[in-house]
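Below are the chains, spelled out letter by letter.
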Amino acid sequence: AQRQVIFSGIQPTGIPHLGNYLGALQQWKRMQDSADPETTDLIFSVVDLHAITVPQQRGNLKKWKREMLAALLAIGLDPKRCTIFYQSMVPGHSELQWILSCTASTGYLSRMTQWKSKLQLADDAHMLDDKAKSSLKHGLFSYPILQAADILVHRATHVPVGEDQRQHLEFARECVTNFNHAYKGKVLVAPETILSPTKRVMSLQLPTKKMSKSDPDPSSRILLTDTPSEIHAKILKARTDSLTPSLGITFDPIQRPGVSNLLQLLSHFDTQDRSAQEIAAQINAEVMGNHGGLGGEGEENPLRKLKERVSEVVQRELNPIREKYLKLLQEDGGKEGGYLDEVIREGARKANESAERTMSRVRRAVEL
Ligand code: ADP
Ligand code: NA
C-alpha cells in the first residue's frame, strides 16, 4: 500500500475549547487509534510561527506552547505513535515558505476569505485609508503560504481540517502546481483534504457565531480545563429561547441556534448515535410523561433537562482530560529537561528528518 502521511497543526493561542476538541483534536486522536502504523505516519504541529501573525503579550507564547503540548497528550495523542513538535524547531517550514512564496500568486492570496474579512473589519471601522491598509501586517496576508509549507514539507497526503480551512488547502495544492511547474518536476506532493465530520460548535452566548478562543466573553466557550462546576454553570447560562413552549425543544439551527447547538452536542456524544431531532423528541417525551405538559418551569422543563444532560455528558468527556492535563503540567513543573521537553525534542528530531527529506529535493530542484 502507498504510504500515508497525515499532517495537521494547531496554534498555541490558549487552552483548547470544546470546538477545537470536537472539530480537530478528537479527530486526530481517532486517526491515531485507527491508523495502521506500518503504512501511516501521523505528524501534529503546534504552529507557534502562525501565532505571531498577531501581537502576543510577553511571556504568553512560551506558556501557551507548553499548555497546548500538554493538552495534546491529555486528549490521548501518544508520542510513540505520532510526531508532535513545535513548528519553529523545524526550520524547513520557514525555508519552504520563502521558496513557495516566490512562485505563489498574490492575486490568489488576496482573494482568501480570511484576508478579505480582515480588510472588511478595517473597512467597517472606517479606517481603510491607505495608511490603515498598509499597516495591516504582511504575515497575516501571507500565512497561507506558511500553512502550505507546513503541509508540503512533510509530503502530507491527508490533512484533517475544519470547513474554515478548506480554502487554504486548495491554496496549498495551487502552491504544488506552481512549484512543480516552475521547476519542471514532481517535487512536491498535493495533499487531500479530510473535512472534519463534526458540525461547527457554536458560541454558548452568541449561538450564530462559532465558539472561538478570540471571543472576549469567557462564558461563550468551554475549555478542556474547565471544572465540573464551571461546565455546569456555563451550560446552564447558555443562551437559548423559549419559542414553541407547547412543542418543547426542537432542532432548528436557523430559528433556534442556541437550542440546536446543545442538541447537536448531545448527538455528538450520544453512545447510541441518535440524531439531534431524535434526542429532542425523546427529551420532550420524558417531560410529557412526567407531567402531561411541556410548558412547565423549573427542573421539569425540557430546556432545563436538555442543559442538565449536556452538562453531564460534557463533564464525563472532559474530566479525565482535565485531570491528565493538570497532572502532566504539575509533574513537569515547567522544568527544562522534564517529560514535556523530552517529548518535544524527540518530536522535533523526527520532524526535522521528515522535512529534510523534502528540502533536499526542493533545494536540488531550485539549484540552491
Ligand atoms: P479559534 O477560532 O478558537 O482560534 P483555531 O482557529 O485555532 O480556533 O482552530 C483550531 C482548529 O479547531 C481548526 O481545525 C478549526 O477548524 C477547529 N475549530 C475551531 N473552532 C471550532 C468550532 N467552534 N467548531 C468546530 N471546530 C472548530
Ligand atoms: Na481562528
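Keep in mind that this is a model prediction, so the values were computed, not measured.

Student: Talk me through the domain arrangement of the protein; I want residue IDs and the actual numbers.
Tutor: For the protein, the domain assignment lists domain 1 (4-190 + 335-366) and domain 2 (218-326). Each partner contributes to the interface: domain 1 provides 10 residues, whereas domain 2 provides 10 residues. Broken down by secondary-structure element, the contributors of at least two residues to the side of domain 1 that touches domain 2 are helix H1 (18-34) and helix H3 (60-74). Considering only residue class, the side of domain 1 that touches domain 2 consists of nine nonpolar, one polar and no charged.

Student: How would you explain the pairing of strand E5 (residues 192-195) if you had to name every residue and give the values?
Tutor: Sheet topology note: the strand E4 (residues 158-161)/E5 ladder contains four bridges and is parallel. Among the inter-strand pairings, Val161 is bridged to a residue of E5, identified as Leu195. Crossover E4 to E5 through helix H9 (residues 166-182) is right-handed.

Student: I'd like a description of helix H13 (residues 302-332), backed by residues and values.
Tutor: Between its terminal C-alpha atoms H13 stretches 45 Å, which fits the 45 Å expected from 31 residues at 1.5 Å a residue. Where H13 bends most, at Leu318, the angle is about 35°, and the proline Pro320 comes one to four residues later. Of all the residues in H13, the buried ones are Pro302, Leu303, Leu306, Val310, Ser311, Val314, Leu318, Arg322, Tyr325 and Leu328.

Student: Outline unusual backbone geometry, listing residues and values.
Tutor: Phi is positive for Asp273, close to 60°, though the residue is something other than glycine. Note on placement: Asp273 falls in the loop between helix H11 (257-269) and helix H12 (276-291).

Student: Please provide a residue-by-residue account of the site of ligand 1, values included.
Tutor: What surrounds ligand 1 is a group of 20 residues, the closest being Gly19, Gly23, Ala24, Gly162 and Lys213. Examining the composition of the shell around ligand 1, we find that five residues originate from one element, H1, more than from any other. Residues of the shell around ligand 1, tallied by class, amount to six nonpolar, 10 polar and four charged.

Student: Just give me the short version of helix H4 (residues 92-101), but keep the residues and values in it.
Tutor: Taken together, the buried positions of H4 are occupied by Gly92, His93, Leu96, Gln97, Ile99 and Leu100. Residues of H4 that are buried sit in contact with helix H2 (48-51), helix H8 (138-152), H9 and helix H14 (339-366).

Student: Go over the environment of Glu38, please, and point to the residues and values.
Tutor: When you line up the elements, Glu38 lands in the loop between H1 and strand E2 (40-46). The exposed category is assigned to Glu38, around which 7 C-beta atoms lie within 10 Å. Sequence separation between Glu38 and Lys210 is 172 residues, and the spatial gap between their C-alpha atoms is 37 Å.

The rules behind the values
- Residues numbered from 1 in each chain as written.
- Chains lettered and ligands numbered in written order.
- Predicted model: local features only at pLDDT ≥ 70, side-chain atom pairs only at ≥ 80, totals over all residues.
- Domains from an automatic or database assignment.
- Contact = placed C-beta atoms within 7 Å.
- Helix = DSSP H or I, 4+ residues; strand = E, 2+ residues; numbered from the N terminus.
- Nonpolar A, V, L, I, M, F, W, Y, C, P; charged D, E, K, R; others polar.
- Pairing = 2+ DSSP bridges.
- Right-handed = clockwise from strand over helix to strand, strands pointing away.
- Expected span 1.5 Å × (residues − 1).
- Bend = angle between axes of the 7 residues up to and from the residue.
- Buried ≥ 20, exposed ≤ 12 C-beta atoms within 10 Å, placed from the backbone.
- Near = placed C-beta within 6 Å.

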